[in-house]
Amino acid sequence: MGIISYIRDEIAVVRDRDPAIKSGMEVLLYPSFKVILHYRLAHKLFLKKHYFLARWISQRAVRKTGIEIHPGAQIGKGLFIDHGSGVIIGETAILGDNVTLYQGVTLGGTGKEQGKRHPTLEDNVMVSAGAKVLGSFTVGRNSKIGAGSVVIEEVPPNCTVVGVPGRVVRMGDQKLPRAELDQIHLPDPVLNDIRELQADNRRLKRKLDELEKKINKEEVETNESI
Ligand SMILES: CC(C)(COP(=O)(O)OP(=O)(O)OC[C@H]1O[C@@H](n2cnc3c(N)ncnc32)[C@H](O)[C@@H]1OP(=O)(O)O)[C@@H](O)C(=O)NCCC(=O)NCCS
């Protein structure tokens, strides 16, 4: 993608998600714009195994924006990081399209996992100011994480999660009662089973995608070496 179409896309993303922007030119001043530009370049270098150069570029971006995106992270289209300071995106994080992050968000690891250690955020996920999402699980599409939450397990699609540790308070347009106060809405074992099956299904799909990518990469490398 050329720089002009990149800037045009970024203006559209910022206008869509930040009511404070007054003119298209302002997008050039946004930390989100600067850091994603650096990330795209660093990620290309990372894929070509130029690890030092990739980290050098990403660390320059940290100094300019206060946002640290590891060059190995996989990020879709339309990411917007509002304000930005203190945002960290770990090496094995995967972000779908149109994800929104606010200042102080960490997409990190727990320190207990190997390999894939950081979360996967599906399309249209929003992570509010100061929230920490820690571990290799998935946050389902369209879900929102409330400000200051600490999320340490799978979040189904279309949910709102708040608190420490994070718990689902809204699923679709239905508010879920707070378990400790509610004596009427008892847990639904069938719904719980369905949620667990959905989570297993997403995990399996992710593993399958990873395996397919690995096999494709190996095929390309074999073809190149012939
Ligand atoms: C989570 C959030 C996105 C709202 O999502 P929502 O799906 O509309 O959820 P609701 O407002 O209906 O809230 C659902 C419940 O969670 C509670 N809640 C909402 N946000 C919360 C938070 N950050 N921490 C703890 N509880 C929270 C609400 O009080 C409500 O509780 P109740 O059911 O007992 O009344 C919003 O509250 C939030 O955190 N926004 C922050 C955005 C941000 O970072 N802005 C920074 C700009 S600089």
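Residues numbered from 1 in each chain as written. Predicted model: local features only at pLDDT ≥ 70, side-chain atom pairs only at ≥ 80, totals over all residues. Heavy atoms only, no water.

Going by an unreviewed UniProt entry, the chain carries the name Serine acetyltransferase and comes from Bariatricus massiliensis. UniProt annotates the chain under Pathway (unreviewed entry) with the comment "Amino-acid biosynthesis; L-cysteine biosynthesis; L-cysteine from L-serine: step 1/2." (UniProt positions renumbered as here; feature names shortened; annotations may be inferred.)

Got a minute to help me understand the packing of helix H2 (residues 31–47) against helix H3 (residues 51–65) in this structure?
Each packed pair of helices is defined by two parameters, the angle between the axes and the distance between the axes. Running from N to C, H2 and H3 cross one another at 175 degrees; their axes reach a closest spacing of 8 Å. The pairing of H2 with H3 is recorded here as roughly antiparallel in orientation. Between H2, through Pro31, Lys34, Val35, His38, Leu41, Ala42, Leu45 and Phe46, and H3, the contact on the second element is made entirely by Tyr51, Leu53, Ala54, Ile57, Ala61, Lys64 and Thr65. Among the residues making up the contact of H2 with H3, the classes are represented as 11 nonpolar, 2 polar and 2 charged. (Axes fitted to C-alpha atoms, helices over the stretch in contact; angles between N-to-C directions. Helix = DSSP H or I, 4+ residues; strand = E, 2+ residues; numbered from the N terminus. Parallel < 35°, antiparallel > 145°, perpendicular 65-115°, else oblique. Contact = heavy atoms within 4.5 Å. Nonpolar A, V, L, I, M, F, W, Y, C, P; charged D, E, K, R; others polar.)

What exactly am I supposed to notice about helix H1 (residues 3–17) here?
Residues three or four positions apart in an α-helix share a direction because the helix packs 3.6 residues into each turn. Relative to the 21 Å expected for 15 residues at 1.5 Å per residue, H1 spans 21 Å between its end C-alpha atoms, a close match to the ideal helical length. The elements touched by buried residues of H1 are H2, strand S3 (80–81) and strand S6 (100–101). (Expected span 1.5 Å × (residues − 1).)

I would appreciate a short explanation of the environment of Phe33 in the present structure.
When you line up the elements, Phe33 lands in helix H2. Distance in space between the C-alpha atoms of Phe33 and Ile7 is 8.2 Å, their sequence separation being 26 residues. Ignoring any residue separated from it by four or fewer positions in sequence, one finds Phe33 in contact with Tyr6, Ile7, Glu10, Val27 and Leu28.

Can you help me understand the pattern of salt bridges in this one?
Applying the stated criterion to the full structure yields 5 salt bridges. Between Arg202 and Glu154 there is a salt bridge, with the nearest N and O atoms lying 3.3 Å from each other. With a gap of 48 residues between them, Arg202 in helix H4 (residues 189–225) and Glu154 in the loop between strand S13 (150–151) and strand S14 (159–162) connect regions that are remote in the sequence. What makes Arg202 buried here is its relative accessible area of 14%. Measuring nitrogen to oxygen at the nearest pair gives 3.6 Å for the salt bridge that ties Glu154 to Arg203. In this pair, Glu154 is assigned in the loop between S13 and S14 and Arg203 in helix H4, connecting sequence segments 49 residues apart. (Salt bridge = Lys/Arg side-chain N within 4 Å of Asp/Glu carboxyl O. Buried < 20%, exposed > 50% of the residue type's maximum accessible area, 1.4 Å probe, protein only.)

How do you make sense of the UniProt feature "coiled-coil region" (unreviewed entry) in the chain when you look at a structure like this?
Listed under "coiled-coil region" (unreviewed entry) in the UniProt record, and renumbered for this structure, are residues 194–221. Helix makes up 100% of residues 194–221 and strand 0%, whereas the separation of the span's terminal C-alpha atoms amounts to 40 Å.

Explanation requested: the environment of Gly72 in the structure shown.
Within the secondary structure, Gly72 is located in the loop between strand S1 (67–69) and strand S2 (74–75). Here Gly72 falls in the buried class, since its relative accessible area comes to 10%. In contact with Gly72, other than residues within four places in its own chain, are His43, Phe46 and Glu91.

Looking at this structure, how should I read the layout of surface pockets?
The rolling of a water-molecule-sized probe over the atoms marks out the regions of remaining empty space. As a volume, the largest pocket reaches approximately 1200 Å³. Lining the largest pocket are 31 residues, with Gly72, Gln74, Ile94, Glu210 and Lys213 sitting closest to its centre. Tallied by class, the residues present in the lining of the largest pocket amount to 7 nonpolar, 8 polar and 16 charged. Counting residues domain by domain, the lining of the largest pocket receives three or more from each of domain 1 (3–186) and domain 2 (187–226). (1 Å grid on protein atoms, 1.4 Å probe; cavity = no way out; pocket = protein on both sides within 12 Å on 5 of 7 lines; lining within 4 Å. Points joined across faces, edges and corners; volume = space filled by probe spheres on them. Domains from an automatic or database assignment.)

Could you clarify how one ought to interpret the nonpolar core in this entry?
The nonpolar side chains of soluble globular proteins are, as a tendency, buried together. Formed by 38 residues in total, the largest nonpolar core has its most connected members in Ile69, Ile89, Leu95, Leu101, Leu121 and Val127. Elements with a contribution of two residues or more to this core: H1, H2, S1, S3, strand S4 (87–89) and S14. If one sorts the elements of this core by residue count, H2 sits on top with 4 residues. If we skip the residues at most four places from it in the chain, Leu121 touches Ile94, Leu95, Gly96, Val99, Leu101, Leu107, Val127 and Val139. In terms of nonpolar packing, the next biggest core, distinct from the first, is built from 5 residues, Ala42, Phe46, Ala54 and Ile57 among them. (Core = buried A, V, L, I, M, F, W, Y, C linked by side-chain atoms within 4.5 Å.)

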